[in-house]
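# Coordinate inspection notes
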Amino acid sequence: MPRPATGTPSPAWTDPDCPVARTLDLVGDRWSLLVIRDAMDGARSFTEFQRRTGIARNILTDRLRKLTAHGVLTQQAAPSGLRQQYVLTDAGRDLFPVLLTLRQWGERHAFEPGEPHSTLVDGHGTRVPDIKPTGTDGAPIDADTTHVQKTGSEQPR
């Protein structure tokens, strides 16, 4: 898998001109997103990621290498100095709104009404409000009010 921002599209990209496709190429599998979720929730060690996710050791090793190679996680010495720990980079922390949006979609569509689930709260213990995208004028935007402007000579779709 190519490193991001190399300047030259790699043949390994699913769709070299699409930011969504490139993002999915980098972090779009189940295990990567769960590792990122747990890193945001304080997991740092291989053992802790494995315990929280139930992921097989070989798959976890692969995902941690991939996320580190692409600058989503970095390794640093643990406070004990005996082991390495995984810490989110700025790029990794930038995925917070993505996971928040996935969480909120799941709350609305992946649970039966009244079915219990975890809740994301802020530092005061208050439920995080739903994300509602808005345009530069403050008006709500969605799939019906936006379109993709392709690169080069292609027309928007």
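Residues numbered from 1 in each chain as written. Predicted model: local features only at pLDDT ≥ 70, side-chain atom pairs only at ≥ 80, totals over all residues. Heavy atoms only, no water.

## Here's the deal with the overall build of the protein chain
Across its full length, the protein chain carries six helices and two strands. Reading the protein chain from its N terminus to its C terminus gives the helix and strand order α-α-α-α-β-β-α-α. Expressed as a percentage of its 157 residues, the buried residues of the protein chain come to 26%. For the protein chain, long-range pairs separated by at least 24 residues make up 36% of all intrachain contacts whose partners lie at least 6 apart in sequence. (Helix = DSSP H or I, 4+ residues; strand = E, 2+ residues; numbered from the N terminus. Buried < 20%, exposed > 50% of the residue type's maximum accessible area, 1.4 Å probe, protein only. Contact = heavy atoms within 4.5 Å.)

## Some points on the confidence of the model for the protein chain
Looking at the protein chain as a whole, the pLDDT averages 91, with 90% of positions reaching at least 70. For the protein chain, the element scoring lowest by mean pLDDT is helix 1 (residues 19-27), at 93; helix 5 (residues 90-93) scores highest, at 98. (pLDDT = per-residue confidence, 0-100.)

## Structural notes on the environment of proline 133
Relative to the assigned elements, proline 133 resides in the segment after helix 6 (96-109). Proline 133 sits in the partly exposed class, given a relative accessible area of 46%. Proline 133 has contacts with Ala139, Pro140 and Ile141, leaving out every residue within four places of it along the chain.

## Examining the pattern of salt bridges
Counted by the stated rule, this structure contains 11 salt bridges. Residue lysine 66 pairs with aspartate 29 through a salt bridge whose shortest N-O separation is 4.0 Å. Taken as a pair, lysine 66 in helix 4 (residues 57-69) and aspartate 29 in the loop between helix 1 and helix 2 (30-40) lie far apart in primary sequence, 37 residues in all. Between aspartate 62 and arginine 63 there is a salt bridge; the shortest N-O distance is 2.8 Å. (Salt bridge = Lys/Arg side-chain N within 4 Å of Asp/Glu carboxyl O.)

## Overview of the pairing of strand 1 (residues 73-77)
As judged from the five bridges shared by strand 1 and strand 2 (residues 84-88), these two strands associate in the antiparallel manner. Residue pairing in the sheet places leucine 73 in a bridge with leucine 88 of strand 2. Joining the antiparallel neighbours strand 1 and strand 2 is a turn of six residues, in which glycine 81 adopts a positive phi near 80°. (Pairing = 2+ DSSP bridges.)

## Here's the deal with the environment of threonine 74
Relative to the helices and strands, threonine 74 is located in strand 1. Sequence separation between threonine 74 and leucine 64 is 10 residues, and the spatial gap between their C-alpha atoms is 9.3 Å.

## Topic: the side chain of glutamine 85
By the element assignment, glutamine 85 lies in strand 2. Looking at glutamine 85, the relative accessible area reads 13%, which means it is buried. Apart from residues no more than four positions distant in its own chain, glutamine 85 is found in contact with Arg44, Thr74, Gln75, Gln76, Ala77, Ala78 and Pro79.

## Considerations on the packing of aromatic side chains
The full count for this structure, using the stated rule, is one aromatic pair. Between the NZ or CZ atom of arginine 30 and the centre of the ring of tryptophan 31, over which it lies, the distance is 4.6 Å. (Phe/Tyr/Trp six-rings, centres within 6.5 Å; stacked < 30°, edge-to-face > 60°. Lys NZ or Arg CZ within 6 Å of the ring centre and 35° of its normal.)

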